[in-house]
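Residue-level listing of the chains:
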Amino acid sequence: MELEQIKQAIKKVREKKPLIHHLTNLVVTNFTANGTIAYGTSPIMANAPEEVEEMVSVSNGLVINIGTITSEMVEAMILAGKKANQVGVPIILDPVGVGATSYRTNTIFNMLEQFKPTVIRGNTSEMARLAEIPWEIKGVDSVDNGEGDRLAIATKVAKKYHVVAAVTGKEDIVTDGERIALIANGHPLLSEVTGTGCLVTALIGATIAAEEDHFIATVAALTYYGIAAERAAIHAKGPGSFAVQLMDEIHQLDLNEIDQKAKIEWVNIV
Amino acid sequence: MELEQIKQAIKKVREKKPLIHHLTNLVVTNFTANGTIAYGTSPIMANAPEEVEEMVSVSNGLVINIGTITSEMVEAMILAGKKANQVGVPIILDPVGVGATSYRTNTIFNMLEQFKPTVIRGNTSEMARLAEIPWEIKGVDSVDNGEGDRLAIATKVAKKYHVVAAVTGKEDIVTDGERIALIANGHPLLSEVTGTGCLVTALIGATIAAEEDHFIATVAALTYYGIAAERAAIHAKGPGSFAVQLMDEIHQLDLNEIDQKAKIEWVNIV
Amino acid sequence: MELEQIKQAIKKVREKKPLIHHLTNLVVTNFTANGTIAYGTSPIMANAPEEVEEMVSVSNGLVINIGTITSEMVEAMILAGKKANQVGVPIILDPVGVGATSYRTNTIFNMLEQFKPTVIRGNTSEMARLAEIPWEIKGVDSVDNGEGDRLAIATKVAKKYHVVAAVTGKEDIVTDGERIALIANGHPLLSEVTGTGCLVTALIGATIAAEEDHFIATVAALTYYGIAAERAAIHAKGPGSFAVQLMDEIHQLDLNEIDQKAKIEWVNIV
């Protein structure tokens, strides 16, 4: 039954073709735009503080990714986030590298006081920082210390910020504080291409713009993406060809693949 | 005879290898640079207001694309545009998303008072906004309401701003206010890859830098690009592989392909 | 024996997986990040003046590339460069387009007074400008006037700035002012893809972070990259597919290829 909900969420994206406003980092703009077009959405990337509020107002979703923030970009993100809250546009926040510098950390905590995201997606160390649970970090990449505490981190982020929390890694954990899903789809080559985390954030942002159950929407995007990556890896000769084929697979994945390949463990569905 | 002119224009680009200065958006920098190198030009991307005038002065053409403008970028664009007019460097303007926000709309109209472009290239809704003819818009993407009024839009832009106007879409319309060409080359996958409109703008910018008849140059670039896209689509498995093959085809397209595949309708050649 | 040192340098990169902080240009962020991940490093791209010093302090290397500098970016680069000197993090500087505008030239000379790079990598015209030896320039691209003076240029840059100098082109020249290596690996398609020079700068930056002999490290990165390009070209159909395959080859190049394919001429090893 849950798999049916997953497929419905993806279908809603394809039918509604939501318009998503992205305030994202300089490294992944092109990859994110292409990945979200392939997924069935219309991306807008507009960063000027002068126009972000107007752009959010005509959008169906907002993606905020702090990978390469500057003071002007932070100003635009806060204006956009507040306006999104006012007009009811769902927000996904990707706290890239939070904990790596005090500027980055202070910025995220400031943002979380200024507007409320719908979903927060990060790797384990980033989400640990938001949960204020100790975790080893190496630059902007996470060092997995084991799977034991990741569920605690996800749950704390979900409850503390009243969001759907997605802690991604070899296994993805999604929770809204009550429902939990563990997703084991994906492929190691994802970690050999820059922006693959940013892209799944954007796909979640697209899905919560189309599917009102934001927990289901988040699980759907992660599962779809993981399966697309598994398929892309089959004929990949390395990270270059993998990235190209990932776009092709996101574009054309047959939803029946979800029935056959989804590896989701549902915990404590209430 | 016109096909011969088209081929001559492309040959001039390949021989002169013009140096083109791009002030473009953050999403398409890499794609545009690679596409214009493949086409036979040397791209320069330099955005600092401190240096754009000097860079324009040594360039053969200027591309201005407002996709992700900020106040500093607008300052640089106006400085570059004015200098280009002074030194006789042809300019192509791509009014990405004009009409979507008042900031974007005001900026374009301000630019058009500060400098005169040689060519303006946009989708139907963008060009309708410049022509001040009503048209439905969805974010930065155009919604085609039908082909009826597109010719009127192109003609009005051409006459109002004294430019060659290119209204692109399923069929491209090019006019200098007297001569008109309708180009039916291209492929639906172009709309599944970000920056494909921005790239054809850049290719037109390269061609008007090499071919003095700017109407012919614009038709040449659109036709060449459309045929390259058709060829790229043959073996594409989706938008990822299409984008890669589009680069390969732009790089090596045999000009005899233009004789065989060009779908151009010439109207009212004076 | 030198080939063994080359291979050891690459092995050190793969084992240490250095964390490299990049302050680079807007055109190549994605390509550079993917290329350096493929090479075995963790890239960080963080540009805000508020955080670059903290980010450098946790990094193993710093890459500074002035391709699309603005005043804010220059501020960040100088802060990062000074901090890197303080904490002993090696720096590679890529003076993209120096000589093309006075802003660019003044900025580079200002930077060279504010911090000391470990390696400088540029094309012939860029390095000639740093050496204050006349050389013809066309925009940001170099026009080779012949091979005669390139060695003099490299030697002068090395001695004047107390760096390892790498003058790249059809043949690459590397010198620390005493030892000299000439590398003839590479492929013409490298000049048909944007950012291939920026990427080799980044790979050198990664290698000097892992191998203390910075001359050997620089030769190693250039040789590895040239061989990867030769392999990538074998099945390439043009610059698009070449760029994709280059990533695949950087990722998986067998070090035994270096024994078989390296074309290095060692001069005056002291």
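Thresholds, definitions, all that
In this convention, every chain numbers its residues from 1, walking through the sequence in written order. All chains are assigned letters beginning with A, and all ligands numbers beginning with 1, in the order in which they are written. Selection of residues for local features in this predicted model requires a pLDDT of at least 70, selection of side-chain atom pairs for listing and counting requires 80 or more, and totals for whole chains, interfaces and linings are taken over all residues. Just so you know, side-chain values use all the structure's heavy atoms and leave hydrogens and water out. UniProt positions are given in the numbering used here, feature names are shortened, and annotations may be inferred rather than shown by experiment. For every residue, the accessible area obtained with a 1.4 Å probe (protein chains only) is divided by the maximum for its type, and the residue is called buried under 20%, exposed over 50%, and partly exposed between those limits. The contact criterion used throughout is that any non-hydrogen atoms of two residues lie within 4.5 Å. We define a polar contact as two N or O atoms separated by no more than 3.5 Å, with the added condition that, inside protein, one atom must be a possible hydrogen donor and the other a possible acceptor, whereas residues neighbouring each other in sequence contribute only through side-chain atom pairs. Secondary structure elements are defined from DSSP: runs of H or I of at least 4 residues count as helices, runs of E of at least 2 residues count as strands, and each element is numbered from the N terminus. When DSSP locates at least two bridges between a pair of strands, those strands are taken to pair. Axis definition: a line fitted to C-alpha atoms, limited for helices to the stretch in contact. Angles are taken between N-to-C directions and run from 0 to 180 degrees. To superpose the copies, least squares is applied to the C-alpha atoms of every residue with a pLDDT of at least 70 in both. Buried area is understood as the total, over both parts, of accessible area removed when two parts are fitted together, assessed with a 1.4 Å probe. Any Lys or Arg side-chain nitrogen located within 4 Å of an Asp or Glu carboxyl oxygen qualifies as a salt bridge. Charged residues are taken to be Asp, Glu, Lys and Arg, nonpolar residues to be Ala, Val, Leu, Ile, Met, Phe, Trp, Tyr, Cys and Pro, and polar residues to be all remaining types, Gly included. Seen with its strands pointing away from the viewer, a crossover is right-handed when the path leading from the first strand over the helix to the second is clockwise. A helix is expected to span 1.5 Å for every residue after the first.

The name an unreviewed UniProt entry gives chain A is Hydroxyethylthiazole kinase, with Tepidibacillus fermentans as the organism. If you open the UniProt record of chain A and go to Catalytic activity (unreviewed entry), you find "5-(2-hydroxyethyl)-4-methylthiazole + ATP = 4-methyl-5-(2-phosphooxyethyl)-thiazole + ADP + H(+)". Listed under Sequence similarities (unreviewed entry) in UniProt, the entry text for chain A is "Belongs to the Thz kinase family."

(A) Representation of the UniProt feature "binding site: ATP" (unreviewed entry) in chain A within the structure. Residues and elements named next belong to chain A. Per the UniProt record, "binding site: ATP" (unreviewed entry) is annotated on R121 and T168. Over a stretch of 48 residues, the named residues converge on one spot in the fold, their C-alpha atoms separated by at most 7.3 Å. By relative accessible area, which is 6% here, R121 ends up buried. Discounting chain neighbours no more than four positions away, the residues touching R121 are I92, L93, D94, P95, M127, A166, T168, G197, C198, V200, T201 and I204. A distance of 2.8 Å separates polar atoms of two side chains, one belonging to R121 and the other to D94. Tracing the chain through its elements places T168 in strand β8 (residues 164–168). Not counting the four nearest positions on each side in its chain, T168 is found in contact with R121, G122, N123, T124, R150 and L222.

(B) Just the sheet that holds strand β5 (residues 119–123) of chain A, in detail. Residues and elements named next belong to chain A. Within the open sheet, the nine strands sit side by side as β2-β1-β3-β4-β5-β8-β9-β10-β11. Their pairing is mixed. Bordering the open sheet on either side are β2 (42–45) and β11 (264–267), each of which pairs with just one other strand. Sheet twist, expressed as the average angle between the axes of neighbouring strands with direction ignored, equals 15°. Here five bridges tie β5 to β8, and the two strands are oriented parallel to one another. Counterpart to N123 in the pairing with β8 is T168.

(C) Region of the structure containing the relation of the copies chain C and chain A. Laying chain C over chain A is done by rotating through 120° and shifting 0.0 Å along the axis; what remains is an RMSD of 0.0 Å. In short, the pair behaves as if placed about a three-fold rotation axis. Residue L26 of chain C, judged by its C-alpha, is the member of chain C lying nearest the rotation axis, at 4.0 Å. The overlap is low: 7% of the interface residues of chain C also sit at the interface in chain A, so different surfaces are used on the two sides.

(D) Local environment of the interface of chain B and chain A. Across the boundary between the two partners, chain B contributes 28 residues, which contact 27 residues of chain A. Across the interface of chain B and chain A, roughly 2,200 Å² is buried in total on both sides, 56% from carbon and sulfur atoms. Summed over the shared surface of chain B and chain A, the result is one salt bridge. Residue R104 of chain B is joined to E51 of chain A by a salt bridge in which the shortest nitrogen-to-oxygen separation is 2.6 Å. In this assembly, chain B and chain A are joined by 11 residue pairs in polar contact (both at pLDDT 80 or more). Of all elements in the fold, only α5 (102–114) and α10 (239–252) of chain B reach the threshold of two or more residues within the side of chain B that touches chain A. For the side of chain B that touches chain A, the per-class residue count stands at 11 nonpolar, 12 polar and five charged.

(E) Quick look at the sheet that holds strand β4 (residues 91–94) of chain B. All names here are of chain B. Taken in spatial order, the nine strands line up as β2-β1-β3-β4-β5-β8-β9-β10-β11 in an open sheet, and their pairing is mixed. Edge positions in the sheet fall to β2 (42–45) and β11 (264–267), since each of these pairs with one other strand and no more. On average, each strand axis in the sheet is tilted by 15° relative to the strand beside it, whichever way the strands run. In this fold helix α7 (residues 150–161) packs onto β5 (119–123), β8 (164–168), β9 (172–175) and β10 (180–183), with an angle of close to 150° to the strand it touches most, β8.

(F) Looking closely at the interface of chain C and chain A. Contacts between chain C and chain A engage 27 residues on the former and 28 residues on the latter. When chain C packs against chain A, close to 2,200 Å² is buried across both sides, 57% of that on carbon and sulfur atoms. Between chain C and chain A we count one salt bridge in total. The tally of links from chain C across to chain A stands at 11 residue pairs in polar contact (both at pLDDT 80 or more). Mapped onto the side of chain C that touches chain A, the elements with two or more residues apiece are α2 (29–39), β2 (42–45), α3 (52–57) and α10 (239–252) of chain C.

(G) View of the environment of A158 of chain B. Residues and elements named next belong to chain B. Its location among the elements puts A158 in helix α7. Overall, the relative accessible area of 2% leaves A158 in the buried class. In sequence terms A158 and D176 are 18 residues apart; their C-alpha atoms lie 5.5 Å from each other. Those residues in contact with A158 that lie beyond four places of it in its chain are V163, A165, T175, D176 and G177.

(H) Structural context of the UniProt feature "binding site: substrate" (unreviewed entry) in chain A. The residues that UniProt annotates with the feature "binding site: substrate" (unreviewed entry) are M45 and G195 of chain A. When sequence neighbours within four positions are dropped, the list of residues in contact with M45 of chain A reads H22, T24, T29, T32 and A33 of chain A together with V27, G67, T68 and R104 of chain B. Relative to the helices and strands, G195 of chain A is located in the loop between β10 (180–183) and α8 (196–208). Residue G195 of chain A is classed as buried on the basis of its relative accessible area of 10%.

(I) Summary view of the relation of the copies chain B and chain A. It takes a turn of 120° to lay chain B on chain A, together with a shift of 0.0 Å along the axis; the resulting RMSD is 0.0 Å. In this assembly, only 7% of the residues forming the interface of chain B have copies in chain A that are likewise at the interface, indicating a heterologous arrangement.

(J) Local environment of the pairing of strand β4 (residues 91–94) of chain A. Residues and elements named next belong to chain A. Burial along β4 is two-sided: I91 and L93 and I92 and D94, pointing in opposite directions, are all buried. In the sheet, β4 pairs with β5 via two bridges, with the strands oriented parallel. Note that in β5 the partner of L93 across the bridge is I120. With helix α5 (residues 102–114) bridging β4 and its parallel neighbour β5, the resulting β-α-β unit is right-handed.

(K) Fine view of helix α4 (residues 71–87) of chain C. Residues and elements named next belong to chain C. In this model, α4 (17 residues) spans 25 Å end to end at C-alpha, consistent with the 24 Å of a helix rising 1.5 Å per residue. By the burial criterion, the buried members of α4 are M73, V74, A76, M77, I78, A80, G81 and A84. Elements that come into contact with the buried residues of α4 comprise β1 (19–23), α3, β3 (61–65), β4 (91–94) and α5 (102–114). Looking at the residues trailing α4, positive phi occurs at G88, about 80°.

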